[in-house]
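Understanding the architecture of this molecule
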Amino acid sequence: MTIRVLIVDDQAMVRAGFAALLNAQSDIDVVGDAADGRQAIEASGRTHPDVVLMDVRMPEMDGLEAARRLLDPPPGVVHRPRVLMLTTFDVDDYVYEALRAGASGFLLKDAPPADLISAVRVVAAGDALLAPSVTRRLIADFAKSRPAPRRDPRLRLNGLTPRETEVLELIARGLSNQEIAAHLVLAEQTVKTHIGRILAKLGLRDRAQAVVLAYESGLVQPGQ
């Protein structure tokens, strides 16, 4: 199955470079590009991409607002692409907010070409791009910088079993399914089942939102 990709960046040369790289892959097809968030929303509605590569900082409408609108569309709009944020900064408040909005992860623009190709495939498959340590550091930094919520978000975790809570904590620490399975001495398929139940019980879209909730609830403390 071919992965349909929309590239959103205010620099034409960046769009062209990414398009050339991705179109060279037999399983990826760049179906369009856009120079700002407004154009991205229009192009997404027209081309129905599987993955949107979204620059964070753009004129007219930034990537955060565009991601929010794509991931929480108005009534009647069925298509919701996966959004992979692109940034030139290791630590960017917009990226954290985009993860909260439902983006599937982020990638630095200067990442190796192989990382971009892999990221598109990972996100298209329905997983979250949370493997790089910089992602975990970013989430931890901004979780730490925000004041504690007025009501205890741990209450939201009460529906989880002790094992599911343990798996959520390990997800937030950046462990892969294979690493979680080894740590808990479980089959990898069992870990996948636990993760599916966690996402369903907490009403989360993917691992990215699970990591954010784990930090905001206090289940995982930054710097631990």
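The following paragraphs examine the structure supplied in this document. (Residues numbered from 1 in each chain as written. Predicted model: local features only at pLDDT ≥ 70, side-chain atom pairs only at ≥ 80, totals over all residues. Heavy atoms only, no water.)

Considerations on the overall build of the protein chain
Along the backbone of the protein chain there are ten helices and five strands. Among the 224 residues that make up the protein chain, the fraction classed as buried is 47%. Sequence-distant contacts in the protein chain: of pairs separated by 6 or more residues, those separated by 24 or more amount to 67%. Accessible surface, the protein chain: about 10,900 Å² in total, of which carbon and sulfur atoms supply 51%. (Helix = DSSP H or I, 4+ residues; strand = E, 2+ residues; numbered from the N terminus. Buried < 20%, exposed > 50% of the residue type's maximum accessible area, 1.4 Å probe, protein only. Contact = heavy atoms within 4.5 Å. Areas by Shrake-Rupley, 256 points an atom, 1.4 Å probe, with all protein chains shown as cover.)

Quick look at the nonpolar core
Leu 157, Leu 168 and Leu 202 are the most contacted members of the largest nonpolar core, which totals 23 residues. Breaking this core down by element, the ones donating at least two residues are helix 7 (162–172), helix 8 (177–184), helix 9 (188–202) and helix 10 (207–217). Look past the residues within four positions of Leu 157 in its chain and what remains in contact with it is Leu 168, Leu 202, Leu 213, Ser 217 and Leu 219. Leu 6, Ala 34, Val 52 and Leu 71 belong to the second-largest nonpolar core, a separate cluster that totals 21 residues. (Core = buried A, V, L, I, M, F, W, Y, C linked by side-chain atoms within 4.5 Å.)

Here's the deal with the pairing of strand 4 (residues 82–87)
Within strand 4, five of the six residues are buried, which leaves it mostly tucked inside the rest of the structure. For strand 3 (residues 51–55) and strand 4, the ladder comprises five bridges, and the chain directions are parallel. Bridge pairing links Val 51 to Arg 82 in strand 4. In this view, the connection linking strand 3 to its parallel neighbour strand 4 by way of helix 3 (residues 63–71) has right-handed handedness. Sheet topology note: the strand 4/strand 5 (residues 106–108) ladder contains three bridges and is parallel. Within the sheet, the bridge partner assigned to Thr 87 lies in strand 5 and is Leu 108. (Pairing = 2+ DSSP bridges. Right-handed = clockwise from strand over helix to strand, strands pointing away.)

Looking at the packing of helix 2 (residues 37–47) against helix 3
Between helix 2 and helix 3, the least distance of the axes is 8 Å, while the angle of their chain directions is 25 degrees. In terms of orientation, helix 2 lies roughly parallel with respect to helix 3. For the pair helix 2 and helix 3, the crossing hand works out as right-handed. Packed against helix 2, whose contacting residues are Gly 37, Arg 38, Ile 41 and Ser 44, the element helix 3 presents Ala 66, Arg 69 and Leu 70 at the interface. Residue composition of the contact of helix 2 with helix 3, grouped by class: three nonpolar, two polar and two charged. (Axes fitted to C-alpha atoms, helices over the stretch in contact; angles between N-to-C directions. Parallel < 35°, antiparallel > 145°, perpendicular 65-115°, else oblique. Left-handed = near helix turned anticlockwise from the far one by under 90°. Nonpolar A, V, L, I, M, F, W, Y, C, P; charged D, E, K, R; others polar.)

Some details on the packing of helix 1 (residues 12–23) against helix 5 (residues 113–124)
Remark: helix 1 packs on helix 5, axes separated minimally by 10 Å, with the N-to-C direction vectors making an angle of 70 degrees. Considered as vectors, helix 1 and helix 5 are oriented roughly perpendicular to each other. Of the two possible hands of crossing, helix 1 and helix 5 adopt the one that is right-handed. Contacts between helix 1 and helix 5 involve Phe 18, Leu 21 and Leu 22 from the former and Pro 113, Leu 116, Ile 117 and Val 120 from the latter.

Honestly, that's just the spatial picture; any functional story needs more than this.
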